[in-house]
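Listed here are the chains, written in short residue letters.
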Amino acid sequence: MKPIVKQRVEDKLYQNRYLVDSGRPHIKILNRLFPSSNLVALTQVCPAKCYQLNDRGQVTIVSDGCLECGTCRVLCEPEDEISWNHPRGGFGVLFKFG
Ligand code: SF4
């Protein structure tokens with residue numbers, strides 16, 4: 001019988017690689033000064049922890065490491081709170097399985 005190997009989500013995410021398209025982030029916050037509750041929620045729900053609250057209460061994003069899951073797009077793009085595009089070809093997340 002094969003032993004059950006438990007792995008944390010963070011360890012699994014570490015298996016992925018990300019090719020950064022320098023100076024061309026594929027996600028941008030459009031209204032940084034007055035963050036909505038949707039934007040603030042992203043600091044909790046983004047699986048890659050791309051969204052952070054700074055010490056002035058503003059939501060910031062570093063899209064390096066984005067898993068392209070679309071959660072932030074579903075929550076915020078209809079309200080024009082973010083602009084979301086796929087990374088250019090050859091850039092972005094490279095999933096490793098296993
Ligand atoms: S697409 Fe997913 S992983 Fe990427 S920034 Fe949005 S919520 Fe985070």
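The rules behind the values
- Residues numbered from 1 in each chain as written.
- Predicted model: local features only at pLDDT ≥ 70, side-chain atom pairs only at ≥ 80, totals over all residues.
- Heavy atoms only, no water.
- Helix = DSSP H or I, 4+ residues; strand = E, 2+ residues; numbered from the N terminus.
- Buried < 20%, exposed > 50% of the residue type's maximum accessible area, 1.4 Å probe, protein only.
- Contact = heavy atoms within 4.5 Å.
- Areas by Shrake-Rupley, 256 points an atom, 1.4 Å probe, with all protein chains shown as cover.
- 1 Å grid on protein atoms, 1.4 Å probe; cavity = no way out; pocket = protein on both sides within 12 Å on 5 of 7 lines; lining within 4 Å.
- Points joined across faces, edges and corners; volume = space filled by probe spheres on them.
- Nonpolar A, V, L, I, M, F, W, Y, C, P; charged D, E, K, R; others polar.
- Near = heavy atom within 4 Å.
- Sits in = over half its atoms within 2 Å of the grid points.
- Salt bridge = Lys/Arg side-chain N within 4 Å of Asp/Glu carboxyl O.

Our next topic: the overall build of the chain. Across its full length, the chain carries three helices and six strands. N-terminal to C-terminal, the α/β element order of the chain is α-β-β-α-β-β-α-β-β. Relative to its full complement of 98 residues, the chain shows a buried share of 27%. A fraction of 62% describes how many contacts in the chain between residues 6 or more apart in sequence connect residues 24 or more apart. Here the chain displays about 7200 Å² of accessible surface, and carbon together with sulfur accounts for 55% of that area.

Turning our eyes to something else, we now look at the layout of surface pockets. One way to see where empty space is left: roll a probe the size of a water molecule over the atoms. Approximately 210 Å³ is the volume found for the largest pocket. Around the largest pocket, the lining is made up of 17 residues, and of these D21, R24, P25, H26 and S63 lie nearest the centre. Residue composition of the lining of the largest pocket, grouped by class: six nonpolar, seven polar and four charged.

Every residue near the ligand is listed here: I27, C46, C50, Y51, C66, L67, E68, C69, G70, T71, C72 and W84. When each cavity is represented as a set of grid points, the ligand is found to reside in the largest cavity. Of the residues in the shell around the ligand, the class split is nine nonpolar, two polar and one charged.

For the structure shown, the criterion picks out three salt bridges. Ionic pairing is found between D11 and R8, a salt bridge with its closest N-O pair at 3.3 Å. Exposure remark for D11: the relative accessible area of 31% places this residue in the partly exposed category. Close ionic contact of D21 with R88 constitutes a salt bridge, the shortest N to O distance being 2.8 Å. Of the two residues, D21 is situated in the loop between β1 (17–19) and β2 (27–29) and R88 in the loop between β5 (82–84) and β6 (92–94); the sequence distance between them amounts to 67 residues. A residue is classified by how much of its surface remains accessible, and D21, at 14% relative accessible area, is buried.

On to unusual backbone geometry. Here E68, not a glycine, exhibits a phi torsion of approximately 55°, which is positive. Here E68 lies in the loop between β4 (59–61) and α3 (71–76). When its relative accessible area of 26% is taken as the criterion, E68 is described as partly exposed.

Purely geometric stuff here, so don't read any function into it on its own.
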